[in-house]
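Survey of secondary and tertiary structure
Next come the chains, spelled out residue by residue.
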Amino acid sequence: MGDHREKPSVYIAVEDNYKNSVLLDYLCYGLEEEGIPFKMMDNSAENLYSLAHQAAQASRLNVSLALGENNRVLIHHKKLEPDQPFFEKEINKEFQAKVIASNAARLVKGIPIKDIPLEVDNKNKSVSDILTDLDNFQSISKETENKKMSSSAKEIDEKRIKELTNYICKKLKDIEKNNI
Amino acid sequence: MEYIVGVDVGNSTTEVAVGKVNKEEENIEFITDGIYKTTGFKGTVDNIEGIINSLDSALEKVDLKYGDLDLIRINEATPVIGDVAMETITETVITESTMIGHDPWTPGGIGLGVGYTTRIEDVSDCRPGDELIIIIPGDVDFADAAVLINKAVESGIKVNGAVVQKDDAVLIVNRLNENIPVIDEVKYINKIPLNKKAAVEVARPGGTINKLSDPYGIATIFELNSEDTKHIFPVARSLIGNRSAVVIRTPEGDVEERKIPAGKLVIFGDKGKSEISVDSGAEKIMDSLEKIQPVKDVKGESGTNVGGMLDRVKETMSQVTDQNLSEIMIKDILAVNTFVPQKVKGGLAEEHAMENAVGLAAMVKTSQLPMQKIADKLQQKTGVKVVIAGVEANMAIRGALTTPGTDKPFVILDMGGGSTDAAMVTTKNQVYSTHLAGAGDMVSLLINIELGIDDLKLAELIKKYPLAKVESIFHIRHEDGSVKFFDKPLASKLFGRVVILTDTDMVPIPTKHSLDKISQVRREAKNDVFVRNSERALKRIIPTGNIRDIDFVVMVGGSAIDFEIPTLISNRLSEFGVVAGRGNIRAIMGPRNAVATGLVLSYLDTEGSVKDG
């Protein structure tokens, strides 16, 4: 049972090397947007599941978020078994952390959770809009290419995105040509 | 001793009853029954597969073979099929972007703000004293946006509200020095016209806006004259009940509710014909239909949904019966007023407006179905003698009378998928029957369109099973408010959702509709179709036309199994002093197997013995 002098809040527990991560910021933003108070918890468990579970036990809202190795995010609930969290996912985009956190808030509020989108919604952009975006993106990625990359994983990622971008670009140009 | 089989091929199921007949004692003992999905359209040779399956399942239970059977009696099926369609008759169009009336889950701030729309990157060009509504596209970080707004306010610019593309409203408001209303999740933010006067309103949590949802509220803000106020009325109306909204006034901007020309129906009767356009609504259509009874044929204007649907029904029937298209007549239609949520054309946040629509069910009847072909084929396949016996209505009455507690004069309501059939038998054994358009399929259609779920299978499930709300990971609340707890946690995708409780599973309904709304739509659809049809049917078949002149109504058929349709009808008919309830054929079968049972029972009085003949 949580401490009754504490404000009811969702507890966030993170592994040590994520303490200053951007993903953690986004988890906080997600809860803030939904208007749910949150509190950081000190990390003392051996794995992410028990970390999340402990945080959920301590929370007066019965809900916790945990972030750890491989960008894995868990939503846990006090009454669930430690190894069966309400939700878990390894994420690769920051905004996904925000969506997951708002789902934790939704668990508190009792409203249906959102799907985790893979990409920021780009709906309703016309073909030419997308082309301009892609052009911008290409020039940006060219710039970043010149800078030194910190991790090899990022480099592969960038490369792959560039390949995909070129491919989509070509396809879209074909479509536009055909339309005209 | 003989084994007699009754086979009833219905629109959706094929039912079988097997009886052991002791001729000397004029005694029939029912020993088994079977049910299987009807294969192909009723009345076609494709039905054989369903009949065989149904028969096999019955025989399996008592370990009999085809060779033990003496006679198969197959019903003279009424050649009736039905179909449903929908026609939207109004549409809301926003010419130029003038309003954003959507309900994001979490708008920010409280109050009403009025100013000129300005993109956040252009704020630096503004002068102190300017009144602004700031537009914040998705690529601007919320923290940066907040800093920019705070700076602008410090320099004397009046920022009165903001519109945000991402789900960031609360985050931005929390970082501002002053409270302003902020609306977020506006998908098509690039379409918002700039440098136009706009108003943003956000109500407190749990409240609804009251300035922008009122025509005079908008008129006050935008200083409109009486003529313009008339034009913005649809805007105000469409914003009622929202927690937040934006209205932008452009000189040419307009929101219109248009009537879509929806095509005409021409109803032909003995006394002449009547022409009525679908957009005049369901009541008028049904009125003119009743005036012109009995209906000979109904035609729809070609090129419209209604025309297409009526043609499709006729075509199907003509193929099934091998008759000329011109000989196929539509004998009844049922029109129901409904609402369809449709995306507003020109909207900026995927707003929906509830548009008026008319749902239509149609029913065709021809002189005869090619039942003899089926009988011949069945005889060939089973090696058992097959005869076509009895009119469907008579057989159904015969079977339904085995329900304990019934007596003549008496009416059966056979509620299936495609049509609602009724038959009445008087004390003198006179039988009257009628067939009406509209049944189970029509209910599914209405549920599907009114909830905007665009999934007929799901609509079918909503029709068939009760609902519950998943309130926590360990409990659900039923429609009646009672709570059920579970030992194991429920799946996270079910959490907070309204679910359908099927026999084996919980199916989530992926909409924002509340449980009450869904169950209300479901009940209204059943009322609109079945309760209305039961009244229509009774008025037609009772010779005096007065529902009070009968005592008993027995409901049979697939839709009579439904968990609430019989109660709805029973409630309505009790107002006329009629005892109405779900049939219980042979005291054990429930509302199923009436015709098959009747076919076996009627063997003794009409046919005599096969072996004699």
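Within an unreviewed UniProt entry, the label attached to chain B reads Diol dehydratase reactivase alpha subunit, and the organism entered is Halanaerobium congolense.

Chain A is annotated in an unreviewed UniProt entry as Dehydratase medium subunit from Halanaerobium congolense.

**Things to note about the sheet that holds strand 24 (residues 467-470) of chain B**
Residue and element names in this part refer to chain B. With respect to topology, five strands assemble into an open sheet ordered 26-25-24-27-28, the strand pairing being antiparallel. Among the strands making up the open sheet, the edge pair consists of strand 26 (483-485) and strand 28 (506-508). Between one strand axis and the next, the sheet turns through 35° on average, direction left out of account. As paired elements, strand 24 and strand 25 (residues 475-478) share three bridges and run antiparallel to each other.

**Focus: a nonpolar patch on the surface**
On the surface, A:Leu164, A:Tyr167 and A:Ile168 cluster together into a nonpolar patch covering about 280 Å² of accessible area. Relative to the elements of secondary structure, A:Ile168 occurs in helix 5 (residues 152-179).

**Some words on the environment of B:Ile333**
All names here are of chain B. With respect to the helices, strands and loops of the structure, Ile333 is situated in strand 18 (residues 329-343). Classification of Ile333 by relative accessible area gives buried; the value is 0%. It is 4.4 Å that separates the C-alpha atoms of Ile333 and Ala362, two residues lying 29 residues apart in sequence. In contact with Ile333, other than residues within four places in its own chain, are Leu265, Ile285, Met286, Leu289, Val298, Leu360, Ala361, Ala362, Ala437 and Arg536.

**What to know about the domain arrangement of chain B**
Residues and elements named next belong to chain B. One can read the domain layout of chain B as domain 1 (1-78 + 369-404 + 592-613), domain 2 (83-89 + 260-365), domain 3 (97-254) and domain 4 (406-583). Counting from both sides, the interface comprises 24 residues of domain 2 and, opposite them, 19 residues of domain 4. Roughly 1,600 Å² is buried in total at the junction of domain 2 and domain 4, and carbon and sulfur atoms are behind 66% of that figure. For domain 2, the biggest contributors to the area lost against domain 4 are Val84, Leu334 and Val336; these three give 30% of the whole. The tally of links between domain 2 and domain 4 comes to four salt bridges. A salt bridge links Glu290 to Arg540, with the nearest nitrogen and oxygen atoms 3.5 Å apart. There are five residue pairs in polar contact (both at pLDDT 80 or more) connecting domain 2 and domain 4. When residues in the side of domain 2 that touches domain 4 are grouped by element, the largest group, 10 residues, is from strand 18. Residue composition of the side of domain 2 that touches domain 4, by class: 17 nonpolar, four polar and three charged.

**Overview of the nonpolar core**
B:Leu265, B:Ile333, B:Ile462, B:Ile509, B:Val553 and B:Ile569 are the most contacted members of the largest nonpolar core, which has 80 residues in total. For this core, the element with the highest residue contribution is helix 12 (residues 515-541) of chain B, accounting for 10 residues. Lining this core are residues from two domains, each supplying at least three of them: domain 2 (83-89 + 260-365) and domain 4 (406-583) of chain B. In terms of nonpolar packing, the next biggest core, distinct from the first, is built from 56 residues, A:Leu27, A:Ala104, B:Val182 and B:Phe474 among them.

Cut-off values and rules
- Residues numbered from 1 in each chain as written.
- Chains lettered and ligands numbered in written order.
- Predicted model: local features only at pLDDT ≥ 70, side-chain atom pairs only at ≥ 80, totals over all residues.
- Heavy atoms only, no water.
- Pairing = 2+ DSSP bridges.
- Helix = DSSP H or I, 4+ residues; strand = E, 2+ residues; numbered from the N terminus.
- Axes fitted to C-alpha atoms, helices over the stretch in contact; angles between N-to-C directions.
- Patch = residues over 30% accessible without salt bridge, like charges linked within 9 Å, V, L, I, M, F, W, Y side chains within 5 Å.
- Areas by Shrake-Rupley, 256 points an atom, 1.4 Å probe, with all protein chains shown as cover.
- Salt bridge = Lys/Arg side-chain N within 4 Å of Asp/Glu carboxyl O.
- Buried < 20%, exposed > 50% of the residue type's maximum accessible area, 1.4 Å probe, protein only.
- Contact = heavy atoms within 4.5 Å.
- Domains from an automatic or database assignment.
- Buried area = accessible area lost by both parts, 1.4 Å probe.
- Polar contact = N/O pair within 3.5 Å; in protein donor to acceptor, adjacent residues only side chain to side chain.
- Nonpolar A, V, L, I, M, F, W, Y, C, P; charged D, E, K, R; others polar.
- Core = buried A, V, L, I, M, F, W, Y, C linked by side-chain atoms within 4.5 Å.

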